[in-house]
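Examination of the molecular architecture
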Amino acid sequence: KAGVTQTPRYLIKTRGQQVTLSCSPISGHRSVSWYQQTPGQGLQFLFEYFSETQRNKGNFPGRFSGRQFSNSRSEMNVSTLELGDSALYLCASSSQGNSPLHFGNGTRLTVT
Amino acid sequence: GQQVMQIPQYQHVQEGEDFTTYCNSSTTLSNIQWYKQRPGGHPVFLIQLVKSGEVKKQKRLTFQFGEAKKNSSLHITATQTTDVGTYFCAGFVGGYQKVTFGTGTKLQVIP
């Protein structure tokens, strides 16, 4: 089975711009969740989607949004980028509920 | 909100020594998972603990879930250089993927 695929791997944006990250889950996995990883804050949960519905949301501002398509692929959008948004953004898929998370390689976002 | 503290933050050990990392949650968990992230890599699932007092072993790794389902530990016996990485616990509350990751313990193994 192919693993979780995230694109792009690297991204450089300017403050104020917006960005869209993509995640293709493992085939058959209907849950996709997103995480922000920074050296200072560790791994922080952004949101989780299941069958195109957002089920859970972390404590991030409204500039962070996401969606999931009918084929379970997911996108995450960050608008009005700030320098503090520079981070590794990880996507994970799982089959359901509290089953193990399978992470992608992440997208390294740098905001200048 | 829910917090999951993990200690120590860093640990350097000589190859062959044992290593333990601990997680403590501010709330009762439905289950806890452990992940390992190698330098430059992504977190990889190790184990899931669900029952109160559960103990699971994977070769040299032993995982425990506390009786109150608020704490957990990972113990590695006789560390090897392949154990290098950051170990995270992930605490789940409720039936869905509302997860809080621990702050992680970075393990360095000196050959």
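Note: the structure precedes this text.
Along each chain, the written sequence defines residue order, and numbers are assigned to residues from 1. Chains and ligands are labelled sequentially in the order written, the chains with letters from A and the ligands with numbers from 1. Since the coordinates come from a predicted model, pLDDT governs what is reported: local features require at least 70, and pairs of side-chain atoms require 80 or more to be given and counted, while whole-chain, interface and lining totals use all residues. Calculated side-chain values reflect all of the structure's heavy atoms, with hydrogen atoms and water omitted.

What to know about the interface of chain B and chain A
Using the following cut-off: Note on contacts: a residue pair qualifies if any of its non-hydrogen atoms lie within 4.5 Å across the two residues. Put simply, a salt bridge is a Lys or Arg side-chain nitrogen that is within 4 Å of an Asp or Glu carboxyl oxygen. A helix here means a DSSP run of H or I that spans at least four residues, while a strand means a run of E at least two residues long, and both kinds are numbered starting from the N terminus. Three residue categories are used. Nonpolar comprises Ala, Val, Leu, Ile, Met, Phe, Trp, Tyr, Cys and Pro, charged comprises Asp, Glu, Lys and Arg, and polar comprises the others, including Gly.
Contacts between the two partners involve 18 residues from chain B and, on the opposite side, 20 residues from chain A. Taken together, chain B and chain A are joined by zero salt bridges. At the level of secondary structure, the elements contributing two or more residues to the side of chain B that touches chain A comprise strand 4 (31-37), strand 5 (44-49), strand 9 (85-92) and strand 10 (99-101) of chain B. If one sorts the elements of the side of chain B that touches chain A by residue count, strand 4 of chain B sits on top with four residues. For the side of chain B that touches chain A, a count of residues per class yields eight nonpolar, nine polar and one charged.

A closer look at the sheet that holds strand 6 (residues 55-58) of chain B
Sheet strands pair via backbone hydrogen bonds, and the direction of the pair is either parallel or antiparallel. Residue and element names in this part refer to chain B. Put simply, the rule reads: Following DSSP output, two strands are said to pair if at least two bridges run between them. Every axis corresponds to a line fitted to the C-alpha atoms, with the helix fit spanning only the stretch in contact, and the corresponding angles, defined between N-to-C directions, vary from 0 to 180 degrees.
Taken in spatial order, the five strands of this open sheet run 1-3-8-7-6, and their pairing is antiparallel. Both outer strands of the open sheet, strand 1 (4-7) and strand 6, are each paired with one neighbouring strand and no more. Neighbour to neighbour, the strand axes of the sheet diverge by 15 degrees on average, direction disregarded. The pairing of strand 1 with strand 3 (residues 19-25) spans four bridges and is antiparallel. Counted as the bridge partner of Gln6 is Cys23 from strand 3.

Observations concerning the nonpolar core
Note the threshold: Here, nonpolar core refers to any group of buried Ala, Val, Leu, Ile, Met, Phe, Trp, Tyr and Cys residues whose side-chain atoms link them within 4.5 Å. Between buried and exposed lies partly exposed: a residue is buried under 20% and exposed over 50% of the maximum accessible area for its type, with that area taken using a 1.4 Å probe on protein chains only.
Membership of the largest hydrophobic core comes to 21 residues, with the highest contact counts inside it found for Trp34(A), Leu46(A), Phe64(A), Met76(A) and Tyr89(A). Core analysis: the second largest hydrophobic core is formed by 20 residues, Cys23(B), Leu29(B), Ile32(B) and Trp34(B) among them.

Observations regarding the state of the cysteines
By definition, a disulfide is the covalent link that joins the sulfur atoms of two cysteine residues. Stated precisely, the cut-off is as follows: Only a pair of cysteine sulfur atoms within 2.5 Å counts as a disulfide in this structure description.
In the structure shown here, the tally under the stated rule is two disulfides over all chains. With a sulfur-sulfur separation of 1.7 Å, Cys23(A) is cross-linked through a disulfide to Cys91(A). Note on the Cys23(A) and Cys91(A) pair: the S-S dihedral is about -50 degrees, so by sign convention the disulfide is left-handed. Taken as a pair, Cys23(A) in strand 3 (residues 19-24) and Cys91(A) in strand 9 (residues 87-94) lie far apart in primary sequence, 68 residues in all. Across the pair, Cys91(A) and Cys23(A) agree in class, each one buried. In this model Cys23(B) forms its disulfide with Cys89(B); the gap between the sulfur atoms is 1.7 Å. On the sign convention where negative means left-handed, the S-S torsion of about -95 degrees between Cys23(B) and Cys89(B) marks this disulfide as left-handed. On the criterion of sequence distance, the pair formed by Cys23(B) in strand 3 and Cys89(B) in strand 9 is long-range, its members being 66 residues apart.

Describing the layout of surface pockets
Gaps left between atoms are located by rolling a probe of water-molecule size over the structure's atoms. As a reminder, the rule being used: Whether a set of points on the 1 Å grid over the protein atoms alone is a cavity depends on a 1.4 Å probe fitting there but being unable to get out, while an open set qualifies as a pocket with protein on both sides within 12 Å along at least five of seven lines; lining residues are those with an atom within 4 Å of a point. Grid points are joined across faces, edges and corners, and a volume is the space filled by probe spheres set on the points.
Of the voids in this model, the largest pocket is the one considered here, and its volume is about 1,300 Å³. If you trace the largest pocket, you find 45 residues lining it, with Thr38(A), Gln41(A), Gly42(A), Leu43(A) and Phe88(B) closest to the centre. Counting only elements with at least two residues in the lining of the largest pocket, the list comes to strand 4 (31-38), strand 5 (42-50) and strand 11 (107-111) of chain A together with strand 1, strand 9 and strand 10 of chain B. For the lining of the largest pocket, the element with the highest residue contribution is strand 5 of chain A, accounting for four residues. Of the residues in the lining of the largest pocket, the class split is 14 nonpolar, 25 polar and six charged. Empty space within the second largest pocket amounts to approximately 150 Å³. Along its surface, the second largest pocket is lined by Lys36(B), Gln37(B), Arg38(B), His42(B), Val44(B), Leu46(B), Leu61(B), Ile76(B), Thr82(B), Asp83(B) and Tyr87(B). Considered class by class, the residues forming the lining of the second largest pocket number five nonpolar, three polar and three charged.

Quick notes on the pattern of salt bridges
Residues and elements named next belong to chain A. All chains considered together, the criterion is met by seven salt bridges over all chains. With its nearest N and O atoms 3.4 Å apart, the salt bridge here joins Glu75 to Arg73. Residue classification places Glu75 among the buried positions, given a relative accessible area of 16%. When its relative accessible area of 24% is taken as the criterion, Arg73 is described as partly exposed.

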